[in-house]
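Residues per chain are reported as follows:
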Amino acid sequence: MKKDLPNPRRPLVAGNWKMHRTASDTRSLIQDIVKRVERVSYADLVVCPPFTSLPAAHETLGRHSILTLGAQTMHQAKEGAFTGEISGPMLREFGVRYVILGHSERRQYDNETNEKVAAKAVAAVSYHLRPIVCVGETLTQREATETEAVIESQIHASLAAFPPDQIDELVIAYEPVWAIGTGKVATPKQANDVHHQIRKLLVKRFGPKGADIRILYGGSVKPENAVDLMSQPDIDGALVGGASLDARSFFDIIESVRPPRASDHD
Ligand code: PGA
């Protein structure tokens, strides 16, 4: 279980639904999640349904503030001739407060380059959306011992223009590409080593306050492996794909970031 962290690194668990759940399926999943997490006070909880499900999610949540909505990407422009794209102000209208940027699936299939991620991150904070900027190496890169270099260049380029006075809003997700949706999970040490490197890079980029930026781990996080991963000192939460589509698994993962209670030591 997670040690009690000072406020800036309050645990965060985000569910990335990817291209799953219609608007009507979204209502029941949101209700199911809310029922389970109602009393969770130790973590920020985010769900990122597809764009078309955001209105249903927003409506279902109503006044419930226990779950916050996130989007899976956005365009950097406010509006314009960008067929198929969605802008920050459009997301805000449905209560969205977070946006995943540079997810490896978007880097791979939709040409979301570091440069685009950098522009989107700046735009996101200007619309009061908290960017969750994803980085991670492929299996080939890990096997060629290039992980450190890849992470460094992704962090450097994806945050190139990020305003230092907005770092409270920034979240980083380390998601090794080889662990996403594959059932292969980084060992807690492999994950923590990269998180530690990222934290150092953030301090180099933003000064001492950079150490307070939350860094999530993602890639086949399941209830069975969450406790070991989340107890690592540099891991501040999780970005969960598949397991976030099941309210019970999502809740079990959330529990893994619960700080120890006095009764745990009895
Ligand atoms: P996964 O996805 O948990 O299904 O591996 C994580 C992600 O892609 O964010």
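Refer to the preceding data block for the structure.
Residues numbered from 1 in each chain as written. Predicted model: local features only at pLDDT ≥ 70, side-chain atom pairs only at ≥ 80, totals over all residues. Heavy atoms only, no water.

Caption draft 1: Spotlight on the packing of aromatic side chains. Applying the stated rule across the entire model yields two aromatic pairs. A centroid spacing of 6.3 Å and a plane angle of 80° characterise the contact between Phe162 and Phe206, whose relative ring orientation is edge-to-face. One end of the pair, Phe162, is in the loop between helix H7 (147–158) and strand E6 (171–174); the other, Phe206, is in helix H8 (residues 188–206), with 44 residues separating them in the sequence. You'll find Phe162 and Phe206 in the same group, each marked buried. (Phe/Tyr/Trp six-rings, centres within 6.5 Å; stacked < 30°, edge-to-face > 60°. Helix = DSSP H or I, 4+ residues; strand = E, 2+ residues; numbered from the N terminus. Buried < 20%, exposed > 50% of the residue type's maximum accessible area, 1.4 Å probe, protein only.)

Caption draft 2: Spotlight on the pairing of strand E3 (residues 67–71). Among the five residues that make up E3, four are buried, leaving the element largely enclosed by the rest of the structure. Of the pairings in the sheet, the one linking strand E2 (residues 44–48) to E3 comprises three bridges and is parallel in character. Within E3, the position partnered with Leu45 by the bridge is Leu67. With respect to chirality, the unit in which E2 leads through helix H2 (residues 54–61) into the neighbouring parallel E3 is right-handed. Inspection of the sheet shows E3 paired to strand E4 (residues 96–101) by three bridges, in the parallel sense. Across the sheet, Leu69 pairs through a bridge with Val96, a residue of E4. (Pairing = 2+ DSSP bridges. Right-handed = clockwise from strand over helix to strand, strands pointing away.)

Caption draft 3: Just the packing of H7 against H8, in detail. Contact geometry for H7 and H8: axes closest at 10 Å, N-to-C directions at 40°. For H7 against H8, the interelement crossing comes out right-handed. Across from Thr147, Glu148, Ile151, Glu152 and Ile155 in H7, the residues of H8 making contact are Val194, Gln197, Ile198, Leu201, Leu202 and Lys204. In terms of residue class, the contact of H7 with H8 is built from six nonpolar, two polar and three charged. (Axes fitted to C-alpha atoms, helices over the stretch in contact; angles between N-to-C directions. Left-handed = near helix turned anticlockwise from the far one by under 90°. Contact = heavy atoms within 4.5 Å. Nonpolar A, V, L, I, M, F, W, Y, C, P; charged D, E, K, R; others polar.)

Caption draft 4: Spotlight on the site of the ligand. Near the ligand, the surroundings consist of 13 residues, among which Lys18, His103, Glu175, Gly181 and Ser220 are the closest. Between the ligand and His103 there is a distance of 2.7 Å, counted from an oxygen atom to a side-chain nitrogen or oxygen. Gly181 is positioned such that a nitrogen or oxygen atom in its backbone is 2.6 Å from an oxygen atom of the ligand. Protein contact buries 97% of the 280 Å² of open area that the ligand shows by itself. Tallied by class, the residues present in the shell around the ligand amount to four nonpolar, seven polar and two charged. (Near = heavy atom within 4 Å. Polar contact = N/O pair within 3.5 Å; in protein donor to acceptor, adjacent residues only side chain to side chain. Areas by Shrake-Rupley, 256 points an atom, 1.4 Å probe, with all protein chains shown as cover.)

Caption draft 5: Just helix H1 (residues 23–37), in detail. With 15 residues, H1 should cover 21 Å at 1.5 Å per step; its first-to-last C-alpha distance of 21 Å lies within 8% of that length. Turning to H1, its buried residues number three or more, namely Thr26, Leu29, Ile30, Ile33, Val34 and Val37. Along the axis of H1, the buried residues cluster in a sector spanning 135°; they form a single face. Across from the buried face of H1, at angles greater than 90 degrees, the exposed residues are Ser24 and Lys35. Contacts made by the buried residues of H1 are with E2, H2, E3 and helix H10 (247–255). (Expected span 1.5 Å × (residues − 1). Arc of directions from axis to C-beta.)

Caption draft 6: Expanded view of the nonpolar core. Counting residues in hydrophobic clusters, the biggest one holds 68 residues, and the most contacted among them are Ile172 and Ile198. Tallying contributions element by element places H8 first for this core, with six residues. Apart from the residues lying within four places of it in its own chain, the contact partners of Ile172 are Val133, Val135, Ile155, Leu159, Ile198, Leu202, Ile213, Arg214, Ile215 and Leu216. Listed in part, the 12 residues of the second largest apolar core include Cys48, Ile100, Ile132 and Val171. (Core = buried A, V, L, I, M, F, W, Y, C linked by side-chain atoms within 4.5 Å.)

Caption draft 7: Representation of the environment of Ala247 within the structure. Checked against the element boundaries, Ala247 lands in helix H10. Given the relative accessible area of 4%, Ala247 is considered buried. Taking the C-alpha atoms as reference points, Ala247 and Ser87, separated by 160 residues in sequence, lie 29 Å from one another.

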